[in-house]
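One letter stands for each residue in the lines below.
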Amino acid sequence: MAQVPLAAGLFSWPSDDPRLLGSECSACAMVTFPSQDSCPRCALTEMVSKPLARRGRLWAWTTQNFPPPSPPYAGASGKDFKPFAVGYVELSGEVKVEARLMETDPAKLQNGMEMELVIVPLGKNTDGDDIVTFAFTAC
Amino acid sequence: MNPEVAIIGVGLHPFGRFAGLSGIDMGAIAIRRALADAGVEWRDIQFAVGGSYEVDNPDAVVALMGLTGIQFTDVYNGCATAASALALAAQTIRLGDHDLGLAVGMDKHLPGAFSADPRNYACPSWYGEMGHFITTKFFGMKINKYMTDHGISHETLARVAAKNYRNGVINPNAFRRKALSEEEILNSAMLNYPLTQYMFCSPDEGAAAVVLCKAEKAHLYTDTPIYLRASTVRTRRLGAFEVHSPWLPIEETVGATVDASRAAYELAGIGPEDVDVIQLQDTDAGSEVIHMAENGFCPDGEQEKLIAEGTTEIGGRLPINTDGGLIANGEPIGASGLRQIHEIVHQLRGTAGERQVPGNPRVGYTQLYGAPGTAGVSILSL
Ligand SMILES: [Zn+2]
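## Overview of the overall build of chain B
What chain B contains, in helices and strands, is 12 helices and 12 strands. Across its three principal directions, the C-alpha atoms of chain B cover 55 × 50 × 40 Å. The buried share of chain B, taken over its 382 residues, is 63%. The long-range share in chain B, meaning contacts at least 24 apart out of those at least 6 apart in sequence, stands at 75%. A total accessible area of about 13,300 Å² is found for chain B, and carbon and sulfur atoms account for 48% of it. Put simply, chain B has 29 plus and 44 minus side-chain charges, and the middle of one group is 2 Å from the middle of the other.

Written out as structure tokens, the structure is:
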């Protein structure tokens, strides 16, 4: 069965060294994720593609203990829903990325802990393919 | 500076669940109550501003009130909708276009967390597919980080929610009118760590209306005009930690609430130390804690002590959400901020009944905050 990324241009996949794909302003060096056409700081439209660092530090987190409304949520809903954790991971000098976290136990999550990018299954699309998305895990 | 705009009437349709009544119906009821409170007739009203999320055209309320042909502007700004309605109504009077008008908010939401198409919030579709497009998760994350950074306990969150339910018990217009113990609040289902079910407000139904006039004409209508000293709306700046953000920059700055608050204090020539009664956006108990500091009422972290000492209770030095706030009233988005104004007006007039703040409060403050990083602040005084 095929593995398809959640969205095109979000991360490099398939890859042995997957990276989130952001953008950087040629004028002021502002970094965004995902990539966008204009710079939120200087408002110029001179953004170039930038693969982001794989590692960073947890900046803020919470848990999602109830199923988000489906649609838009593409993961298992109803009684098949599995609670997950979510947080912002600060990629040093680049950007803070909001992502799913592989650790879901509040006792094991702490701001400042080091984390690494992983690509994980999210759910299935209408063709029965596995949708994969980005997440961070402690390292 | 002399005040330019006065509030001479407030009216509320209770907040809760009302089968058989539409949002517009409730809007008309709130308007009639505000007109009666001001002692004016619908045909005296020269203009109106209406706010709603669910009702496409709040101005359709003219069908229930009378087809007088007035200027009627509809606004929507998320949870800050009522602040925009009030600010626009006040501007219309300050500009001299009209002397007497009203702001009305109405909504009728389905139960459960709000849902929408992320693309309408300038967020990519995948953000919703990942399960990130949900406001409650942002509130969980923000207070969780705040608690770590500033030493706020889980018990403090429960104390805030318990206070608001308690204030709801003595508010006949509230949705939740049952007291809950701190233990029940802490032990209810965890929704977004550290926030439990009973620490959150819920969407519901209701309406509120405010009649405003040019300040120098206020005494034609009432002996106790309440002056609107400032009404500001601000959106997020780069680096603010705000709801529905797939990413944040490394650089950090204060949120939209802080910007709206500072602008309002400056316009009013009033400082946080002058405020006697306060309404803050308590989407959840954590938001009330954070908003105490963001609106200048205490330094970060001091909430732990202030709340334990009862400072934010009706009899305390900083009475907050004396009508039970969003936690006890729920949030009909378009009406929520005018419910805050309704409560402050009664507190300043001394007509808040069982909820009356002692010591003749003279200055009141209201704050709204919501997606996608929009805040509104109003300052009122006798
Ligand atoms: Zn730039």
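## Quick word on the coordination of the zinc ion
All names here are of chain A. In the first shell of the zinc ion, the protein supplies Cys25 (SG), Cys28 (SG), Cys39 (SG) and Cys42 (SG), at 2.3 to 2.4 Å from the metal. Each of the 4 donor atoms around the zinc ion contributes to a set of angles spanning 101 to 121°, which defines the coordination as tetrahedral. Considered as a linear motif, the donors of the zinc ion on their single chain read C-x2-C-x10-C-x2-C.

## Observations concerning helix H12 (residues 333-349) of chain B
Because an α-helix completes one turn every 3.6 residues, residues spaced three or four positions apart along the sequence face the same direction. Residue and element names in this part refer to chain B. Taking 1.5 Å as the rise per residue, H12 with 17 residues should run 24 Å; its terminal C-alpha atoms sit 26 Å apart, in good agreement. Taking burial as the measure, the 17 residues of H12 include 17 buried ones, the bulk of the element. Positive phi appears at glycine 350, one or two residues downstream of H12, with a value of about 80°.

## Section: the sheet that holds strand E4 (residues 100-108) of chain B
All names here are of chain B. Strand order in the open sheet formed by 9 strands is E3-E2-E4-E7-E1-E8-E12-E11-E10, with mixed pairing between adjacent strands. Every other strand in the sheet has two partners, leaving strand E3 (71-75) and strand E10 (277-279) as the edge strands with one partner each. Averaged over neighbouring strand pairs, the angle between their axes works out to 20° when direction is ignored. Two elements, strand E1 (residues 5-16) and strand E8 (residues 226-235), share 2 bridges in a ladder whose sense is antiparallel. What sits directly across from alanine 6, in E8, is tyrosine 227.

## Thoughts on the interface of chain B and chain A
Quite often, the size of an interface is put as the accessible area lost when its parts meet. Contacts between chain B and chain A engage 36 residues on the former and 45 residues on the latter. Taken together, both faces of the contact between chain B and chain A bury some 3,300 Å²; the carbon and sulfur share is 64%. The tally of links between chain B and chain A comes to 3 salt bridges. Close ionic contact of B:Glu251 with A:Arg41 constitutes a salt bridge, the shortest N to O distance being 2.3 Å. Between the two partners, chain B and chain A, sit 17 residue pairs in polar contact (both at pLDDT 80 or more). By residue number, the principal contributor to the side of chain B that touches chain A is helix H5 (residues 135-150) of chain B, which donates 7 residues. Sheet topology places strand E7 (residues 95-101) of chain A next to strand E9 (residues 247-248) of chain B; 2 bridges connect them, and they run antiparallel. Bridge pairing in E9(B) links A:Val97 to B:Trp247.

## Things to note about the nonpolar core
One finds B:Tyr365 and B:Ile379 to be the most contacted residues of the largest nonpolar core, which totals 56 residues. Of all the elements in the fold, those that place two or more residues in this core are strand E5 (55-64) of chain A together with H5, helix H6 (154-169), helix H8 (256-268), helix H9 (285-294), helix H10 (303-308), strand E11 (363-370) and strand E12 (374-381) of chain B. Formed by 41 residues, the second largest nonpolar core is a distinct cluster that contains A:Leu20, A:Phe136, B:Met130 and B:Trp247.

## Concerning the pairing of E1(B)
Residues and elements named next belong to chain B. Taken across its 12 residues, E1 has 11 buried, putting it largely inside the fold. Taken together, the 9 bridges between E1 and strand E7 (residues 205-214) define a ladder with antiparallel strand orientation. Within E7, the position partnered with valine 10 by the bridge is valine 210.

## Looking at the sheet that holds strand E3 (residues 31-32) of chain A
Residue and element names in this part refer to chain A. Taken in spatial order, the 3 strands line up as E3-E2-E4 in an open sheet, and their pairing is antiparallel. The sheet terminates laterally at E3 and strand E4 (47-51), the two strands that pair on one side only. Pairing geometry for strand E2 (residues 21-25) and E4, over 5 bridges, is antiparallel. Looking at E4, one finds that cysteine 25 is bridged to methionine 47.

## Some words on the packing of H6(B) against H9(B)
Residues and elements named next belong to chain B. With their axes 8 Å apart at the nearest point, H6 and H9 run at an angle of 100° to one another. Between H6 and H9, the interaxial angle falls into the category roughly perpendicular. Facing H6, whose interface residues are Thr156, Leu157, Val160, Ala161, Lys163 and Asn164, H9 presents Ala285, Gly286, Glu288 and Val289. When the residues that make up the contact of H6 with H9 are grouped by side-chain class, the tally is 5 nonpolar, 3 polar and 2 charged.

About the cut-offs
- Residues numbered from 1 in each chain as written.
- Chains lettered and ligands numbered in written order.
- Predicted model: local features only at pLDDT ≥ 70, side-chain atom pairs only at ≥ 80, totals over all residues.
- Heavy atoms only, no water.
- Helix = DSSP H or I, 4+ residues; strand = E, 2+ residues; numbered from the N terminus.
- Buried < 20%, exposed > 50% of the residue type's maximum accessible area, 1.4 Å probe, protein only.
- Contact = heavy atoms within 4.5 Å.
- Areas by Shrake-Rupley, 256 points an atom, 1.4 Å probe, with all protein chains shown as cover.
- Lys, Arg positive; Asp, Glu negative; His and termini not counted.
- Charge placed at Lys NZ, Arg CZ, Asp CG, Glu CD.
- Donors = N, O, S within 2.8 Å, 3.2 Å for Na, K, Ca; no water.
- Tetrahedral: all angles 85-135°; square planar, octahedral: opposite > 155°, others 65-115°.
- Expected span 1.5 Å × (residues − 1).
- Pairing = 2+ DSSP bridges.
- Axes fitted to C-alpha atoms, helices over the stretch in contact; angles between N-to-C directions.
- Buried area = accessible area lost by both parts, 1.4 Å probe.
- Salt bridge = Lys/Arg side-chain N within 4 Å of Asp/Glu carboxyl O.
- Polar contact = N/O pair within 3.5 Å; in protein donor to acceptor, adjacent residues only side chain to side chain.
- Core = buried A, V, L, I, M, F, W, Y, C linked by side-chain atoms within 4.5 Å.
- Parallel < 35°, antiparallel > 145°, perpendicular 65-115°, else oblique.
- Nonpolar A, V, L, I, M, F, W, Y, C, P; charged D, E, K, R; others polar.

Keep in mind these values describe shape, not function.
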